[in-house]
Structure formats: structure tokens, C-alpha cells
Number of protein chains: 2
Amino acid sequence: MINESMYQLGSKPSCIRELFMYGLKQAAIVGKENVYDFSIGNPSVPAPQAVTDAFRAITAQEDTLAIHSYTPAGGAPDARAAVAADLAARTDTPVRAENVFFTCGAAPALVSVLRALAVENSEVIAITPYFPEYRPFVECSGSKFVPVPADMENFQINFAEMEKRITANTQAVIVNSPNNPSGAVYSLETLQTLAKLLTAKSQEYGHPIYVIADEPYRELVYDDAYVHYIPAIYPNTVICYSYSKVFSLPGERIGYFFIPDCVEDSARLFAAAAGAARIMGHVCAPSLQQQVVRACATVKPDLTEYDRNRTLLYEALTEYGYTCVKPQGAFYLFVKAPKGTAKEFSDRAKQENLLIVPGDDFGCPEYFRASTCVSNDMIRRSLPVFKKLIEEV
Amino acid sequence: MINESMYQLGSKPSCIRELFMYGLKQAAIVGKENVYDFSIGNPSVPAPQAVTDAFRAITAQEDTLAIHSYTPAGGAPDARAAVAADLAARTDTPVRAENVFFTCGAAPALVSVLRALAVENSEVIAITPYFPEYRPFVECSGSKFVPVPADMENFQINFAEMEKRITANTQAVIVNSPNNPSGAVYSLETLQTLAKLLTAKSQEYGHPIYVIADEPYRELVYDDAYVHYIPAIYPNTVICYSYSKVFSLPGERIGYFFIPDCVEDSARLFAAAAGAARIMGHVCAPSLQQQVVRACATVKPDLTEYDRNRTLLYEALTEYGYTCVKPQGAFYLFVKAPKGTAKEFSDRAKQENLLIVPGDDFGCPEYFRASTCVSNDMIRRSLPVFKKLIEEV
């Protein structure tokens with residue numbers, strides 16, 4: 001008399017979390033310095049000083065009720081206003097605070113929007129490679145999960161394949177740029193082609209096909225990569241955001257969904273997403289964290305360390321003979337397994353205490369993901385293992 | 001193409017939240033001192049000093065990654081261990097840290113457990129008066145919501161009515177003691193009768209009927225009231241808890257579900273609830289708040305102020321002629337409307353800027369709820385309004 005699908009989801013945690021937990025256990029056995037854990041996207045650089053200062057300044061206040069009380073469900077008005085002002089400045093468009101709804105990170109934001117869009121026979125498209133949790137999020141919110149095969153050349157979008165999969169039931173396309181796991185940042189051309197396709201299909205089927213832009217890595221881009229503001233290119237775009245990566249506080253669960261006025265049925269969709277949050281037990285996002293965001297909404301991260309890691313691992317791996325598209329954003333490398341499946345390869349790597357995530361759950365079973373949000377020193381120490389593994393095959 | 005029931009849930013927020021928002025708006029118009037807001041259960045006493053000290057000490061640490069990183073989904077092992085140790089000491093039973101799962105407050109804990117128990121045709125019983133969100137939580141998790149009429153004498157359980165409503169599909173009974181809104185604390189006799197009934201019915205139908213004990217007010221009891229540890233009386237009991245009320249930090253979203261080993265299918269139910277949390281986008285409860293709980297797991301609240309408020313309002317209202325059972329716990333008074341429905345009465349009160357919650361959504365349309373987690377001064381200033389209103393009828 002226990003829900004079987006919930007049991008399956010709870011007893012088989014995501015492969016990433018499983019590897020991460022394995023890494024913790026293994027570290028206790030062989031020593032932390034002998035485990036090369038590239039599994040999880042736990043930021044490895046300290047929180048920006050402004051963020052740390054904000055935590056200290058807010059908790060130093062005497063009026064604890066002002067710090068810790070309930071906020072409205074969508075968040076404290078001043079915190080929402082700070083986010084809206086920052087979004088407006090960055091995107092050069094008007095943004096209303098009322099369109100921002102604080103959540104406990106990007107994941108519940110995404111689930112809230114997905115549940116708001118779940119209707120009879122609804123389908124949601126994700127672009128391979130995709131964050132593995134998209135599948136259970138879509139399926140358990142009540143829609144069919146429709147993956148589009150990857151563009152293996154550069155991990156932009158394979159439009160021929162996408163077009164084939166859009167039906168009258170397509171409610172949304174999840175766009176994740178900068179992409180986890182590939183590090184791809186969608187070009188203006190990609191986004192314009194996407195807009196053209198979705199506009200035509202929305203017209204054909206007589207209802208909007210929404211883009212759900214999952215953007216936790218928005219601020220994490222390198223070289224001359226630029227993250228375009230998608231609603232300016234395709235108005236029916238909802239944004240899900242998290243401060244986990246940019247402020248190095250993934251454990252603190254603070255993010256938001258933002259449904260701009262340009263979205264068709266904007267107010268109705270916002271209300272439905274708020275309703276979905278409500279029945280998942282969302283009361284408000286952590287109040288203290290909201291205040292930190294209010295104080296730090298314009299703070300930019302220092303990417304020096306992530307860039308150094310990316311370059312080090314990318315250059316070493318390609319030198320050893322691995323195949324990998326150089327990531328333009330996020331903090332992962334998505335690498336082709338030198339032989340066989342990535343599952344076999346990562347199992348072999350595990351024997352050497354090198355933890356990399358096979359791409360199966362990302363929809364790319366021939367690739368593995370290596371997080372570069374790790375210590376530069378660990379990368380250096382792991383290189384002989386990567387070298388040994390490719391030399392074996 | 002937007003989910004209609006989510007829209008309804010989001011566009012009609014809970015009556016409590018609605019009144020609370022109205023109070024904020026009205027305060028801006030007529031002045032904060034002229035609004036008597038008894039609507040929301042926002043604690044009115046400062047956080048315990050130990051909690052404030054813990055927030056400051058943790059955020060003062062230099063290693064921000066140690067403070068803010070992801071924890072395992074169920075929580076940081078040391079925080080779970082601290083909660084388990086405190087539970088073990090209080091209940092004089094062994095408690096394993098692995099059976100505690102940190103959530104963003106009691107609400108998502110409750111929804112996770114409800115979703116884990118939702119199977120075909122499942123039904124969940126709540127005892128009137130009940131927290132209004134129980135209804136959408138149960139219904140949207142996939143079960144039928146079955147309210148049991150109240151025991152109006154003393155707000156214990158009306159067992160004759162409960163027995164009539166238990167069927168082969170009953171999966172769980174939600175027990176909320178100390179009760180919001182009545183302030184009733186279930187006696188040992190009540191819990192033993194409940195155990196007897198549910199044991200017999202579980203046997204009759206060949207599957208466990210679980211008790212879901214929603215206990216955010218566990219530490220808030222007055223006089224000689226005592227909150228019994230229900231699993232010791234009825235083993236198939238899951239506990240949902242929140243630190244919102246006891247630590248005066250309702251905005252910070254920290255609580256847990258605890259599924260003791262004595263629960264039938266304990267491990268399976270725990271996994272299913274964890275799975276349910278996962279697909280609602282739960283990644284972990286706020287890491288900083290977990291650490292505060294770890295540091296303060298044994299801290300007890302100072303109830304002087306709440307007790308003073310309870311006594312002041314209870315004595316004044318009963319003196320004016322209102323009918324009310326004296327609450328033994330929590331921080332609410334549940335009062336019979338002197339005439340007509342509580343909705344009519346609270347609408348009239350609203351005209352005087354006195355905000356009380358009509359009992360309709362609690363399943364008792366003849367009663368209203370007045371929160372006593374307000375300033376003692378505001379209660380004093382509001383008394384002439386309460387007096388005037390009863391004199392009118």
C-alpha cells in the first residue's frame with residue numbers, strides 16, 4: 001500500500017547523487033586525497049565576499065522576527081524588487097517584481113512551472129544532453145517526456161530532430177543554456193531558429209509552446225560567450241533560476257521562476273505555477289536567503305578558478321586523445337568514452353577512485369560528465385589516472 | 001492549455017494568507033497601530049538566543065563551502081544525528097539518524113508522506129477542525145480527503161464519526177496535536193482509543209492505517225498539558241515536524257519527517273517519501289538552517305509571552321460572552337461566532353480592521369480563529385473592538 005513509483009524514485013537516487021555518496025564513503029576508506037570525485041556540481045570556489053558579508057550583516061541584526069518571519073509565498077517584496085531591477089538592467093527590458101516568485105532553488109521552480117503546464121496528454125521536450133532530473137520532473141508532473149537527440153557536433157540544437165517531435169500536445173521545450181552537462185551556450189542563431197520553429201508550430205497547433213529556460217549557469221560563461229535573454233527572442237519564455245552556482249551556495253535553496261509580461265497568458269500561468277508550488281508544501285523560500293539575494297542581486301561571480309580548471313582538464317584530456325567539445329559555460333566537461341559505453345568506462349574509472357558520471361541519464365550513453373568545480377590540485381593529481389585509462393583501450 | 005486546478009489553487013490563496021496580505025495593505029493605509037491582525041501564525045517572540053547565536057557563529061566561519069554546500073537529500077549526517085539524539089532522549093526510545101529526513105518545513109514533509117501513501121482509491125482522514133491546507137495537500141497528492149466532524153465539547157476526537165469514515169481505502173489519519181486552530185492537546189485516553197480503533201481497522205482491512213502526526217506545535221503547551229509520543233502508543237506513526245514555531249523562524253523553512261523503525265514497512269515508506277520529495281524538486285533543506293538545528297536540537301522555547309497572550313485574550317473574550325475552549329497548546333483561540341456564521345462575523349470585524357480567520361476552511365464554519373502569537377499590546381488595544389462586536393449581536 002505504498003506508492004510504487006515514489007518508492008522507485010526514492011530507492012534509486014540519481015546516478016550523480018549515488019556517485020557523490022559513494023565518493024564520501026570511499027574517502028573515509030582510502031583517504032580524501034585518493035578519491036578523484038568529478039561527480040557533483042557542488043561549487044568549489046568560496047561564496048563571493050559580498051554574499052558572506054550579507055549573511056553576517058543580516059544575522060547580526062537584533063530583530064530576529066524581521067529576519068526570520070514568513071514572507072509572502074512569492075517572496076519578500078523588496079527582494080523581488082531587487083531581482084527585478086537587476087533583470088531589467090541586464091536585459092534592458094522592463095521587469096515587474098510581481099512576476100518573480102522565489103522558490104527553494106531552480107528545481108522546485110521548474111517543477112512548479114511544469115505542473116502548471118501539465119494538461120491532458122501534454123508533452124514536454126528536452127534537448128539531449130539534458131539534466132537527468134528533467135525526466136522524473138516532467139513525468140511526475142503529469143506530462144510525457146520527449147527527448148530530442150543531440151547535435152553531437154557542438155551540442156547546439158538538432159532542429160530536424162526537434163521538429164519531428166513537436167506535436168499538437170507539446171506544451172513546452174526545456175532549454176538549458178549554459179548547458180549541464182555539455183557546457184554549450186546557445187548562439188543567437190540557435191535561439192532565433194528555435195523561435196522561428198516554435199512560433200510556426202504554436203500557430204499551426206493554435207496554442208503557445210512555451211520555452212522553459214532553466215538558467216542556473218547563466219553567469220558562468222567563459223571567453224566571449226554570451227547568454228542571450230531568451231524572452232527578447234521568443235516571448236513565450238519562462239525563466240527558472242538558482243543562486244546555487246553563481247553564489248556558491250547550492251545547499252541554501254534559493255532561486256526563482258520569472259514569468260515576463262510578454263508571455264501569453266502570463267498572469268494565468270504565474271498563478272498556476274504559484275498554485276503548484278503551494279500544493280507541494282511551498283510556503284516561502286528561506287527568508288534569510290531572500291534577504292541575502294536582496295543585498296547581492298547585482299553581485300557577479302569571479303570565474304578565474306573555474307576557467308583555470310576548465311582549461312587544465314580540457315587541454316590535458318584532449319592531449320591524451322579524449323574527444324570533447326570545449327565548454328563555453330557552466331563547470332562540466334562532457335567527454336566521449338574512448339571505447340564502449342560510458343557506463344563501462346566510468347565503472348572502470350571507479351576502480352581507480354575516479355568518479356565520473358556516465359551520460360546514460362543525460363541521454364548520451366557514449367559520453368561521461370566530469371565536473372570542473374573541483375580543486376585544481378585534484379584535477380592535477382587525477383590526470384595520470386585519466387591518461388592510464390585511455391591508454392588501456 | 002494551463003492546468004485549471006493549479007490555476008484555481010494559485011489564484012485563490014488560502015484565506016489565512018489572504019487576510020494576512022490584506023492586513024499588510026491596510027496597515028499602509030490606516031497605520032500599523034490601527035490594524036488588529038490575528039490572522040497568521042507568525043511567531044511573535046524573538047528566536048531563542050541560542051538560535052540567534054548559532055546563526056551568527058556559523059556565518060562567521062571562514063570556510064563558506066562548509067556552510068553552504070549541498071548536503072545529502074535527507075540532510076547532513078551530523079544534523080540528522082542531533083535530531084535523532086534529541087528525539088531519543090525525549091521519548092526514551094532508540095532513534096536512528098537515518099530515519100530523519102530534513103525538509104523545507106513541515107508542509108513539504110507532509111506532502112512527501114502523503115504522496116508516498118497515495119495509491120489507487122486511497123483516502124486520508126483529517127480531524128475537524130483541521131489546518132486548511134490539508135485538503136489541497138491530500139487531494140493534489142492523489143488521495144480523497146475525508147474530514148471527520150469535530151468533537152465540539154473539547155476538540156478531542158469524535159470516534160463514532162471517525163469509525164464511520166474508515167474504509168478499506170483509508171491509508172492514513174492526520175493527527176495535529178497540539179491542534180491548529182483549537183489548541184487542543186490530545187489526551188492519553190484519546191490516543192489510546194485512536195490506537196485501538198486503527199489497530200482493529202488495520203486488521204480488518206489487512207493493511208496498516210498510518211497516523212501522520214503533524215507536530216509543529218509540539219513544544220508549545222501550557223499548564224500541565226503533555227504531548228505524548230504517538231509511536232509508543234500506535235507504532236504505525238510517522239512524525240512531521242517544523243522548527244518554525246518553536247524557534248520563531250517560520251520563514252526559514254526547516255523541518256523534517258521522521259519514520260521510526262516501529263512503522264510497518266518503515267524503510268519502504270521512507271524511500272517512497274524521499275522519492276516524493278525528489279520529484280517536487282527537493283534537493284536538500286537549507287544547509288545553514290540544518291546546521292542551526294544541529295547546534296540547537298535540544299533548545300526549548302520560552303513560552304511566557306504566548307501564555308500571557310493566551311490568558312489575556314481567553315479571559316477577556318469569555319468575560320465578554322464569547323464561547324471558547326481554553327487552548328492547552330499552540331498559539332490560537334478557536335472561538336464560536338456569537339451569531340450567524342463566522343464568515344459574516346469576520347467580515348464585520350474586518351470593517352473594524354480586526355482580522356480573524358473564519359473557520360470554514362478548518363471545517364467549522366461557526367468558529368473563528370484568532371492567533372495569539374501577536375503583541376500583548378495589540379491584544380489589549382483590540383479588546384474594545386471584540387467587545388463592541390459581541391454587543392452588536
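Being a predicted model, the structure only gives us computed values, none of them experimental. (Residues numbered from 1 in each chain as written. Chains lettered and ligands numbered in written order. Predicted model: local features only at pLDDT ≥ 70, side-chain atom pairs only at ≥ 80, totals over all residues. Heavy atoms only, no water.)

Here the focus is the relation of the copies chain A and chain B. Mapping chain A onto chain B leaves a residual RMSD of 0.0 Å; the transformation is a rotation of 180 degrees accompanied by 0.0 Å of translation along its axis. Taken together, the turn and the small shift mark the pair as related by a two-fold rotation axis. Residue by residue, 100% of the interface of chain A is reproduced at the interface of chain B, so both copies engage with the same surface. (Least-squares fit on C-alpha atoms with pLDDT ≥ 70 in both. Contact = heavy atoms within 4.5 Å.)

The next subject is the sheet that holds strand E10 (residues 332-336) of chain B. Adjacent strands of a sheet pair through backbone hydrogen bonds, lying either parallel or antiparallel. Residue and element names in this part refer to chain B. With antiparallel pairing, the 4 strands of this open sheet are ordered in space as E9-E10-E13-E12. Sheet topology places strand E9 (323-324) and strand E12 (357-358) at the edges, where each strand pairs with a single neighbour. For E9 and E10, the ladder comprises 2 bridges, and the chain directions are antiparallel. By the bridge assignment, Thr-323 is partnered in E10 with Lys-336. (Pairing = 2+ DSSP bridges. Helix = DSSP H or I, 4+ residues; strand = E, 2+ residues; numbered from the N terminus.)

This part is about unusual backbone geometry. Note the cis peptide between Asn180(A) and Pro181(A), where omega equals 25 degrees. Summarising the element assignment, Pro181(A) is placed in the loop between strand E5 (170-175) and helix H9 (188-205). Along the chain, Ser177(B) connects to Pro178(B) via a cis peptide bond; the corresponding omega equals -5 degrees. Topologically, Pro178(B) is positioned in the loop between strand E5 (170-175) and helix H9 (188-205). Even without being glycine, Arg253(A) reaches a positive phi, approximately 55 degrees.

Residues and elements named next belong to chain A. Applying the stated criterion across every chain, the model contains 0 disulfides over all chains. Here Cys-240 stays free of any disulfide, with the sulfur of Cys-104 as its closest cysteine sulfur at 14 Å. Residue Cys-240 is classed as buried on the basis of its relative accessible area of 0%. (Disulfide = S-S within 2.5 Å. Buried < 20%, exposed > 50% of the residue type's maximum accessible area, 1.4 Å probe, protein only.)

A pair of packed helices is captured by two measures, namely the crossing angle of their axes and the spacing between those axes. Residues and elements named next belong to chain A. Put simply, helix H6 (residues 106-116) and helix H7 (residues 134-141) touch, their axes get as near as 9 Å, and they point 35 degrees apart. Crossing handedness for the pair H6 and H7: right-handed. From H6, Ala-107, Leu-110, Val-111, Leu-114 and Arg-115 reach across to H7, where they touch Tyr-134, Phe-137, Val-138 and Ser-141. (Axes fitted to C-alpha atoms, helices over the stretch in contact; angles between N-to-C directions. Left-handed = near helix turned anticlockwise from the far one by under 90°.)

For the rest of this paragraph, the subject is the packing of helix H5 (residues 77-91) of chain B against helix H12 (residues 287-296) of chain B. Residue and element names in this part refer to chain B. In contact at an axis separation of 8 Å, H5 and H12 are set at 40 degrees when each is read in the N-to-C sense. What the angle tells us is that H5 and H12 run oblique. The crossing of H5 and H12 is left-handed. Contacts from Asp-78, Ala-79, Ala-82 and Val-83 of H5 reach H12 at Gln-290, Val-293 and Arg-294. Of the residues contributing to the contact of H5 with H12, the split by class is 4 nonpolar, 1 polar and 2 charged. (Parallel < 35°, antiparallel > 145°, perpendicular 65-115°, else oblique. Nonpolar A, V, L, I, M, F, W, Y, C, P; charged D, E, K, R; others polar.)

Time to look at helix H13 (residues 304-320) of chain A. Residues and elements named next belong to chain A. Helix length check: H13, at 17 residues, gives a terminal C-alpha distance of 24 Å against a target of 24 Å (1.5 Å per residue), a fit within 8%. Within the span of H13, buried status applies to Tyr-306, Asn-309, Arg-310, Leu-312, Leu-313, Tyr-314, Ala-316, Leu-317 and Tyr-320. Against strand E9 (323-324), strand E10 (332-336), strand E13 (367-371) and helix H15 (376-392) lie the buried residues of H13. (Expected span 1.5 Å × (residues − 1).)

Time to look at the confidence of the model for chain A. Parts of the prediction with low pLDDT should not have their coordinates interpreted in detail. Across chain A, the average pLDDT comes to 96, with 100% of residues at or above 70. Predicted complex metrics record ipTM = 0.96 and pTM = 0.96. (pLDDT = per-residue confidence, 0-100.)

Taken as a whole and judged by the stated rule, the model has 46 aromatic pairs over all chains. For the ring pair Phe331(A) and Tyr332(A), a centre distance of 5.2 Å and an interplane angle of 75 degrees mean the geometry is edge-to-face. Pairwise contacts between aromatic rings join Phe38(A), Tyr322(A), Phe345(A), Phe368(A) and Phe386(A) into one cluster. Between the NZ or CZ atom of Lys350(A) and the centre of the ring of Tyr22(A), over which it lies, the distance is 4.5 Å. Here the guanidinium or amino end of Arg17(B) rests over the ring plane of Tyr70(A), the centre of that ring lying 5.4 Å away. (Phe/Tyr/Trp six-rings, centres within 6.5 Å; stacked < 30°, edge-to-face > 60°. Lys NZ or Arg CZ within 6 Å of the ring centre and 35° of its normal.)

Taken together, the contacts link 81 residues of chain A with 81 residues of chain B. Taking both partners together, chain A and chain B bury about 6,500 Å²; carbon and sulfur atoms supply 58% of that area. On the chain A side of the interface with chain B, the three residues burying the most area are Met1(A), Tyr70(A) and Arg278(A), jointly 13% of the side's total. On the surface where chain A and chain B come into contact, there are 6 salt bridges. Linking Glu62(B) and Arg56(A) is a salt bridge whose minimum nitrogen-to-oxygen distance equals 3.6 Å. The tally of links between chain A and chain B comes to 42 residue pairs in polar contact (both at pLDDT 80 or more). Looking at the side of chain A that touches chain B, the elements that each hand over two or more residues are helix H1 (4-11), helix H2 (15-30), helix H3 (49-60), helix H4 (64-68), H6, H7, helix H11 (266-278) and helix H12 (287-296) of chain A. Looking at the side of chain A that touches chain B element by element, the count peaks at 8 residues for H11(A). Residue composition of the side of chain A that touches chain B, grouped by class: 46 nonpolar, 22 polar and 13 charged. (Buried area = accessible area lost by both parts, 1.4 Å probe. Salt bridge = Lys/Arg side-chain N within 4 Å of Asp/Glu carboxyl O. Polar contact = N/O pair within 3.5 Å; in protein donor to acceptor, adjacent residues only side chain to side chain.)

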